[in-house]
Amino acid sequence: MIPNLNLDDRTYKDILNEALRLIPHYCPEWTNHNPSDPGMTLVELFAWMTEMTIYRLNKVPEKTYLALIDLLGLSLIPPQPSRALVTFFPVESCPEAFQVKGGFQVSAGKGAGDGSIIFETVKDLTISPARLASCYAVTRDKVSCRDLGIRPFPLFGGSEEIERYLLVEAPQAEFLQGNNALSITFHSLNPVRSAGDEVVNFLNWEYWDGSRWIPVEAVGASGNERKQENRVFLEGPLDIQRSDQEGRESYWLRAVLARMPDDPGCLEVTGVSLNLHFLGEGVNPDCCLSNTGNMVFEALDLNADFTPFAGVPKHNDIFYVACDEILEKTSARISVRFFLSDTVEPPAANPSLVLKYEYWNGMDWVKIDDTTTQEDRHNQGQFRFTDKTRALTRSGIVSFDRPDDMAAVEVSGTECLWLRIRLVAGDFGKGGRHVQAEDGSWTWLFDDPVRSPVFTRIRFSYQAPPQVPDTVQVVDNYSRRSLSFATGDATTGVMLFSTRSEAQPMTYFGFDDSFPAGRYSLYFRLEERHKIRPAGHNVPDLLDRPVSRNRGIGLVWQYWNGSAWQKLSVNDYTDSFHQSGFLEFSVPQDIARKDEFGHSWYWLRLVFQSGSFEAMPVVEQVLTNSVYALNQRTYPSETIGSSSGSPDQVFEILRKPILSGFEVYVNESTVPPAGEIDLIRSEEGDDAIREGGGTTSGQVWIRYHEVDNFYASTPKSRHYIVDYRNNRIHFGDGHRGMIPPRGKHNIRAERLCVGGGVRGNVGGHTIRTLRESVPFLAGCNNNFPAEGGSDLESLESLKKRASGLFKSLNRAVTAEDYEWLAREASASVARAKCLPRCGPRGEVLLVIVPEADPGDEDYLEPPVPTAELRRRVKEFLEPRKLVGTGLRVDSPVYRMFGVVMKVAYRRDVVEFQVARKAIETALRKAFHPLCGGADKTGWPFGVAIQKDDIARVLESVDGVHHLEELSLSDLDSGVAVERFLPADGELPFLQNVRIEDRKVQF
């Protein structure tokens, strides 16, 4: 049995109370509201008569009710075809773009049998081999690379700093393996007035350990070197290894830009210099040889004390020492540190001893300088020779400028850069002496024997003037370039890093191939949570018209023409990214490749110039080569029947089930009179009359107009009614609706579509069968489920729909109307509250609460509507409210409160931290504006929070034994309260939760 539907469910008491409530507003002079007052008698009579009218209205017979619905122009909604987004795939290595015509058929299911569900594309589609390869969002100097097709991403909002770093080739860094330091100095073009002007303060240094980059702390001073502007030191020992950068294998240092300076001018430098500082003893020799004559060489063991001259040193004994990694440094000052053994008496300082230091120049051994035991030598000769060992008779340093022509030579089978020390006169010690006795005789006393020096170790080091790196590579804005400072021009600066020029948020879309000529489209699939739901639309718009709404959001598409970014004119079917849809544009002829983010691609970019979104659009996928397809089959022309000229003719369409949108033509043989032509064209357009159609002359095909009923039809109205339930077409009786003229096969339907229904709502990835063969077309797929398919509406649904229309009429009058329509304005509105008080100008105050942010899983932030959401709701309500009524849409006022409690847990609770987290989450959910309250739809406006409410929440938390202490605090006023009472129209929000816990012992 079909239940009765009350068009108005108000009772006598409801109407009487409403009338009494309105008396002070409309007649404030009437103050006597007692039942004995004559005016009250009239009010009660009015309420009683109104209740009787409502009672009789609710008792209208069903047939009369349906007739009333028919008179109002309501009819059953016809079947609707489901719509699917179908993506086509060209074959690999497709040579060029090609076209798939509109009406191309694909199907879900196997083969072409009755079990397959057929879909037709709604328009022509150009399929291109161009692939959307990457997407980058840029916000000022932050960039985010979007994972296309992997996970959803916000349309705008770069979140990561652009990776910027320097790669400095530093062969000197090899010595950082020991206890040494390397200074790096940047020479700024601009004056350095503060620490913010020094580029070194914005760089983090790293070295390569063979597998990864390791951070190393840079210091401002090292050893005896004091701090200087724009200079830092890297101190060893470090496990630095060689690495290959762009084909150059060397020791490399990496300087990562930590953040962009406030003044980018400090990044402009004229040069970079490196200088090595030996902080320890130095580098071990590669090899040491002792030559005692006759070309007999003895390799010395450097791991124990050793003597450079074997036995008793004599003329032309030679000591060879090699250290290639030091001696190969050109334009360097070489230092050799000799350490004499403390356990052996040093050799005597023989005045006749002369040692000669020599090097090989490629042809002969060339003297550097001589040294003796008489005194220290300082900066002597061509090579500024210095000897503080006094001919190796004490520990000290020997230093000299490295000869430019120093060359390697083979000595005892070893080819190295050798430094040799040759004994050319005297010896180490005086040996013996003759002594005269008392009796006058002479004897030989050997009291000062000759002793060769004994060394514990020898260390090499060098000093060189600051050197310009051979190569400095800059990785900046996803590109790599090389800098050269070889010219030494101190007047011309080079920017180490560049800042991006985008002032507004932008999103870049990169394509790896050129676009085909003509029209091109991209499909943006958005998360439906952010979709703005159109109100009052019972049937989806399958025609996919461009959306034109005053959003107040400035979005501009641009393309690169080879020299500058140019505006791209588009048709936006996404409603400024408030709903999923297509973006269509004509491909510019001058679009060109551009290097961006390390890729040379064809780029389109979306610029967010002004305005704000209700909620930031979240893109699930961006698809190319896609088009909508409807679950239908289209027949261009179908003969329906022949008119007999009788009234109330009915013709059945054999193909079923029929869908709306087809056209009915009738051949009337003659052209209608002028007055009727105007009526026809006003209803169906200028192309409603076709003369000469068909194979014979004298045919005049006229397109008739579909109506829901014939109540408004005249004898000259060329109207018809479609019975979608029985697949029939009804014509008029001559009084209401014209009778089609008699003729054979003179009634036909064009663009007849059959199909539709809920059967077409197939799942995703099911439409994969091509029903036609097209060259270079490999296949198709629907990434998302088909939606929108529906069967013919039932009578019950029609009656319920009509009842709601009678009751609301889509007008905002009462507070309940405002709240209901506010939720209808946008799916982003979770709650709405029309405040009982008016604004300062008498306007209606409407407070809206948006849907929760999906990232706020801990309920830590109160939901606040954006300016765009408030504007959208107000724009929706403006034409629906009473004329002259002001309206203000506001954000809710939140009153912050805190909770401090002492909780006792059960004995089986082990993880206190987990229990505290569960308590806090339960409390935040219980009093949250969206999920709190008894019905879990949000804590009510203006309702107080008692301590009992908090205790009741704790009872539902697993592990809590009992509550020992509890205190509430009003954080806005900063005082403790027994109960927290927000004002009418305000919402409480739990900001602070502090829990002291213990475990019960029983």
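In what follows, the structure referred to is the one given above.
Per-chain numbering applies: the sequence of each chain, read as written, is numbered from 1 onward. For a predicted model such as this one, the threshold for reporting local features is a pLDDT of at least 70, and the threshold for listing and counting side-chain atom pairs is 80 or more; totals across whole chains, interfaces and linings nevertheless cover every residue. The basis for every side-chain value is the complete set of heavy atoms in the structure, and neither hydrogens nor water enter the calculation.

Let's talk about the nonpolar core
Heads up, the rule is: In plain words, nonpolar cores are sets of buried Ala, Val, Leu, Ile, Met, Phe, Trp, Tyr and Cys residues tied together by side-chain atoms within 4.5 Å. Relative accessible area decides the class of each residue, using a 1.4 Å probe on protein chains only: under 20% of the type maximum gives buried, over 50% gives exposed, and in between gives partly exposed. Elements are defined by DSSP. Helices are runs of H or I of four residues or more, strands are runs of E of two residues or more, and each kind is numbered from the N terminus. Here, two residues are considered to be in contact whenever any of their heavy atoms come within 4.5 Å of each other.
In terms of nonpolar packing, the biggest core is built from 76 residues, with Phe186, Trp205, Leu253, Phe319 and Phe338 touching the most fellow members. Looking at this core element by element, the count peaks at five residues for strand 19 (residues 268-278). Among residues more than four places away in sequence, those in contact with Phe338 are Phe319, Tyr357, Thr389, Leu392, Ser395, Gly396, Val398, Ile421, Phe455, Arg457 and Ile458. In this structure, Phe511, Leu526, Trp557 and Phe608 belong to the second largest nonpolar core, which totals 28 residues.

A closer look at the packing of helix 1 (residues 12-26) against helix 2 (residues 38-58)
Going by this rule: For helices, the fitted axis covers only the stretch in contact; all axes are lines through C-alpha atoms, and the angles between them, taken along N-to-C directions, range from 0 to 180 degrees. Should an angle fall under 35 degrees it is taken as roughly parallel, and over 145 as roughly antiparallel, whereas 65 to 115 is taken as roughly perpendicular and any remaining angle as oblique. The sense of a crossing depends on the near helix, which, turned anticlockwise from the far helix by less than a right angle, makes the crossing left-handed and, turned clockwise, makes it right-handed. Basically, the charged four are Asp, Glu, Lys and Arg, the nonpolar ten are Ala, Val, Leu, Ile, Met, Phe, Trp, Tyr, Cys and Pro, and anything else, Gly included, counts as polar.
Running from N to C, helix 1 and helix 2 point in directions that differ by 140°, and their axes come no closer than 9 Å. The orientation of helix 1 with respect to helix 2, classified from their angle, is oblique. By crossing handedness, the relation of helix 1 to helix 2 is classed as right-handed. Residue-level contacts link Tyr12, Ile15, Leu16, Ala19 and Leu20 of helix 1 to Met40, Val43, Glu44, Phe46, Ala47, Trp48, Thr50, Glu51 and Ile54 of helix 2. Here the residues of the contact of helix 1 with helix 2 sort into 11 nonpolar, one polar and two charged.

Focus on the pattern of salt bridges
Quick reminder of the rule: Basic side-chain nitrogens of Lys or Arg form a salt bridge, by our definition, when they fall within 4 Å of a carboxyl oxygen of Asp or Glu.
Taken as a whole, this structure holds 49 salt bridges when the rule is applied. The salt bridge partner of Arg924 is Glu920, with a shortest N-O separation of 3.1 Å. Placement of both Arg924 and Glu920 in helix 9 (residues 912-926) is noted, with a separation of four residues, approximately one turn of the helix. According to the relative accessible area criterion, Arg924 is buried, its value standing at 6%. Notably, a salt bridge pairs Arg994 with Glu996, separated by 3.5 Å at the nearest N-O pair. Judged by relative accessible area, Arg994 falls into the partly exposed class, the value being 47%. Take Glu996: its relative accessible area is 37%, and that puts it in the partly exposed class. One connected set of salt bridges, linked through shared partners, spans Glu668, Glu676, Lys716 and Arg718.

A few points about the sheet that holds strand 54 (residues 719-723)
This is how it is decided: A pair of strands is considered paired only if DSSP assigns at least 2 bridges between the two.
If you walk across this open sheet you meet the four strands as 49-55-54-53, and the pairing is mixed. Among the strands making up the open sheet, the edge pair consists of strand 49 (650-652) and strand 53 (705-706). Sheet topology places strand 53 next to strand 54; two bridges connect them, and they run parallel. Across the sheet, His705 pairs through a bridge with His719, a residue of strand 54.

Some details on unusual backbone geometry
Glycine aside, the phi torsion of most residues is negative, and most peptide linkages are trans. A cis geometry characterises the amide bond from Gly236 onward to Pro237, with omega recorded as 5°. The residue Pro237 is located in the loop between strand 15 (231-235) and strand 16 (243-245) in this model. Residue Pro657 is bonded to the preceding Lys656 through a cis peptide linkage, with omega at -10°. At Ser576, a residue that is not glycine, the phi angle is positive and equals roughly 55°.

Quick look at a nonpolar patch on the surface
Our working rule: Each patch is built from residues lacking any salt bridge and having more than 30% relative accessible area; the joining distance is 9 Å for like charges and 5 Å for nonpolar side chains (Val, Leu, Ile, Met, Phe, Trp, Tyr). For the accessible areas, the method is Shrake-Rupley and the probe is 1.4 Å, while residue cover comes only from the protein chains on display.
A contiguous nonpolar patch, built from Leu42, Leu45, Trp48, Met49, Met52 and Tyr55 and spanning about 630 Å² of accessible area, is present on the exposed surface. Residue position: Leu45 is located in helix 2. The class of Leu45 is partly exposed, set by a relative accessible area of 41%.

Examining the state of the cysteines
We count it as follows: Count a disulfide wherever a pair of cysteine sulfur atoms falls within 2.5 Å.
Inspection of every chain in the model, using the stated rule, returns zero disulfides. A disulfide-free cysteine, Cys135 has its sulfur positioned 7.9 Å from the sulfur of Cys145, the nearest such atom. For Cys135, a relative accessible area of 0% puts it in the buried group. Counting only cysteine sulfurs, Cys287 is the nearest neighbor of Cys288, a cysteine outside any disulfide, at a range of 6.5 Å.

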